[in-house]
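Chain by chain, the residues:
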Amino acid sequence: MKYFILTYTTVEDYIERRMPFRDVHLGLAAEFQQMGVLIMAGALNPADKAVLVFQCEDESLVKEFVSRDPYVKNGLITTWEIREWKVVVGG
(Lines give C-alpha, C1' and ligand atoms only; values in the text may rest on other atoms or scores of the structure.)
Protein backbone atom coordinates (compact mmCIF):
# COMPACT_ATOMS: atom_id res chain seq x y z
CA MET A 1 0.00 0.00 0.00
CA LYS A 2 1.07 3.55 -0.71
CA TYR A 3 0.20 6.83 0.96
CA PHE A 4 -1.12 9.79 -0.98
CA ILE A 5 -1.64 13.38 0.14
CA LEU A 6 -4.51 15.27 -1.45
CA THR A 7 -4.14 19.03 -1.02
CA TYR A 8 -7.03 21.38 -1.68
CA THR A 9 -6.71 25.14 -2.09
CA THR A 10 -9.96 26.76 -1.02
CA VAL A 11 -11.81 29.90 -2.09
CA GLU A 12 -11.45 32.98 0.11
CA ASP A 13 -14.88 32.65 1.75
CA TYR A 14 -14.70 28.86 2.04
CA ILE A 15 -15.96 28.61 5.63
CA GLU A 16 -19.13 30.54 4.83
CA ARG A 17 -19.79 28.84 1.48
CA ARG A 18 -19.24 25.23 2.54
CA MET A 19 -22.30 24.84 4.77
CA PRO A 20 -24.82 23.73 2.09
CA PHE A 21 -22.39 20.99 0.97
CA ARG A 22 -20.78 20.02 4.28
CA ASP A 23 -22.99 17.03 5.16
CA VAL A 24 -22.49 15.43 1.74
CA HIS A 25 -18.73 16.14 1.87
CA LEU A 26 -18.43 14.61 5.34
CA GLY A 27 -20.54 11.63 4.24
CA LEU A 28 -18.18 11.04 1.34
CA ALA A 29 -15.20 11.27 3.69
CA ALA A 30 -16.87 8.77 6.06
CA GLU A 31 -17.49 6.39 3.16
CA PHE A 32 -13.82 6.45 2.15
CA GLN A 33 -12.72 6.15 5.77
CA GLN A 34 -14.95 3.08 6.27
CA MET A 35 -13.35 1.58 3.16
CA GLY A 36 -10.00 1.97 4.93
CA VAL A 37 -8.70 4.35 2.27
CA LEU A 38 -9.02 7.81 3.88
CA ILE A 39 -6.77 7.90 6.94
CA MET A 40 -7.27 11.49 8.10
CA ALA A 41 -8.43 14.83 6.73
CA GLY A 42 -8.98 18.43 7.73
CA ALA A 43 -8.60 22.09 6.91
CA LEU A 44 -5.49 24.03 7.84
CA ASN A 45 -5.69 27.13 10.02
CA PRO A 46 -6.33 29.55 8.42
CA ALA A 47 -8.64 27.52 6.16
CA ASP A 48 -7.00 28.44 2.84
CA LYS A 49 -5.99 24.80 2.32
CA ALA A 50 -7.13 21.34 3.35
CA VAL A 51 -5.12 18.13 3.52
CA LEU A 52 -6.41 14.57 3.15
CA VAL A 53 -4.25 11.48 3.65
CA PHE A 54 -5.12 8.30 1.76
CA GLN A 55 -3.65 4.81 1.87
CA CYS A 56 -4.30 2.73 -1.25
CA GLU A 57 -2.63 0.87 -4.10
CA ASP A 58 -2.67 3.80 -6.54
CA GLU A 59 -4.16 7.27 -6.86
CA SER A 60 -7.32 6.16 -8.68
CA LEU A 61 -9.39 6.11 -5.47
CA VAL A 62 -8.09 9.56 -4.55
CA LYS A 63 -9.17 10.82 -7.98
CA GLU A 64 -12.58 9.21 -7.46
CA PHE A 65 -12.93 11.07 -4.16
CA VAL A 66 -12.11 14.38 -5.87
CA SER A 67 -14.57 13.71 -8.70
CA ARG A 68 -17.39 13.06 -6.23
CA ASP A 69 -16.60 15.79 -3.71
CA PRO A 70 -19.31 18.50 -3.61
CA TYR A 71 -16.70 21.05 -2.53
CA VAL A 72 -14.88 20.51 -5.83
CA LYS A 73 -18.09 20.27 -7.88
CA ASN A 74 -19.44 23.53 -6.45
CA GLY A 75 -16.33 25.68 -6.86
CA LEU A 76 -15.11 25.80 -3.25
CA ILE A 77 -11.79 24.28 -4.29
CA THR A 78 -9.71 26.41 -6.65
CA THR A 79 -6.95 23.83 -7.18
CA TRP A 80 -6.14 20.36 -5.95
CA GLU A 81 -3.05 18.16 -6.10
CA ILE A 82 -2.34 14.50 -5.41
CA ARG A 83 1.19 13.54 -4.38
CA GLU A 84 2.55 10.18 -3.32
CA TRP A 85 3.93 10.36 0.20
CA LYS A 86 6.98 8.25 1.00
CA VAL A 87 6.44 7.69 4.72
CA VAL A 88 9.69 7.20 6.64
CA VAL A 89 8.47 7.24 10.26
CA GLY A 90 5.08 5.89 11.33
CA GLY A 91 2.49 4.22 9.17
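Parameters and conventions
Residues numbered from 1 in each chain as written. Predicted model: local features only at pLDDT ≥ 70, side-chain atom pairs only at ≥ 80, totals over all residues. Heavy atoms only, no water. Phe/Tyr/Trp six-rings, centres within 6.5 Å; stacked < 30°, edge-to-face > 60°. Helix = DSSP H or I, 4+ residues; strand = E, 2+ residues; numbered from the N terminus. Buried < 20%, exposed > 50% of the residue type's maximum accessible area, 1.4 Å probe, protein only. Axes fitted to C-alpha atoms, helices over the stretch in contact; angles between N-to-C directions. Parallel < 35°, antiparallel > 145°, perpendicular 65-115°, else oblique. Left-handed = near helix turned anticlockwise from the far one by under 90°. Contact = heavy atoms within 4.5 Å. Pairing = 2+ DSSP bridges. Core = buried A, V, L, I, M, F, W, Y, C linked by side-chain atoms within 4.5 Å.

Participant: I would appreciate a short explanation of the packing of aromatic side chains in the present structure.
Facilitator: Aromatic ring pairs are described here by two measures, namely the spacing of the ring centres and the angle between the planes. Per the stated rule, a full pass over the model turns up four aromatic pairs. Here F54 and F65 contribute two aromatic rings whose centre-to-centre distance is 5.5 Å and whose plane-to-plane angle is 70 degrees, an arrangement assigned as edge-to-face. One end of the pair, F54, is in strand β3 (residues 49-56); the other, F65, is in helix α3 (residues 60-68), with 11 residues separating them in the sequence. Residue class for F54 comes out buried when judged on its relative accessible area of 0%. Taking the relative accessible area as the measure of exposure, F65 reaches 0% and is therefore buried. Grouped by ring-pair contacts, the aromatic residues F32, F54 and F65 constitute a single cluster.

Participant: Would you mind showing me how to read the packing of helix α2 (residues 19-34) against α3 here?
Facilitator: Helix-helix packing: each pair is described by the crossing angle between the helix axes and the interaxial distance. At a minimum axis distance of 10 Å, the contact between α2 and α3 shows a crossing angle of 160 degrees. With respect to each other, α2 and α3 are oriented roughly antiparallel. Crossing of α2 against α3: the hand is right-handed. Here α2 contributes H25, L28, A29, E31 and F32 to the contact with α3, which in turn contributes L61, E64, F65 and R68.

Participant: Where do I start with the sheet that holds strand β1 (residues 2-10) in this structure?
Facilitator: Think of a sheet as strands paired side by side through backbone hydrogen bonds, with each pair either parallel or antiparallel. Read from one edge to the other, the open sheet built from four strands follows the order β2-β3-β1-β4, with strand pairing classed as antiparallel. Looking along the sheet, the strands with just one partner apiece sit at the ends: β2 (38-43) and β4 (77-85). Between one strand and the next, the sheet's axes are offset by a mean angle of 15 degrees, whatever the strand orientation. Two strands pair when backbone bridges link them, and β1 and β3 are joined in this way by eight bridges, in the antiparallel orientation. Looking at the pairing, Y8 lines up with A50 of β3. Those strands touched by α3 are β1, β3 and β4, and its axis lies near 25 degrees from that of β1.

Participant: It is not clear to me how unusual backbone geometry should be interpreted in this structure. Could you clarify?
Facilitator: Both trends apply: most residues other than glycine have a negative phi, and most peptide bonds are in trans. P46 follows N45 through a cis peptide bond whose omega is 5 degrees. Considering the arrangement of structural elements, one finds P46 in the loop between β2 and β3.

Participant: Just checking my understanding: could you explain the nonpolar core for this structure?
Facilitator: Among soluble globular proteins, nonpolar side chains are generally buried collectively. Counting 21 residues, the largest nonpolar core has L6, Y8, F32, L52, F54, V62 and F65 as its most contacted members. For this core, the elements supplying multiple residues, two or more each, are β1, α2, β3, α3 and β4. A per-element tally of this core places β3 first, with four residues. If we ignore the near neighbours within four places in the chain, the residues touching F54 are K2, Y3, F4, L6, F32, V37, L38, I39, V62 and F65.

The values are spatial; any link to function lies outside them.
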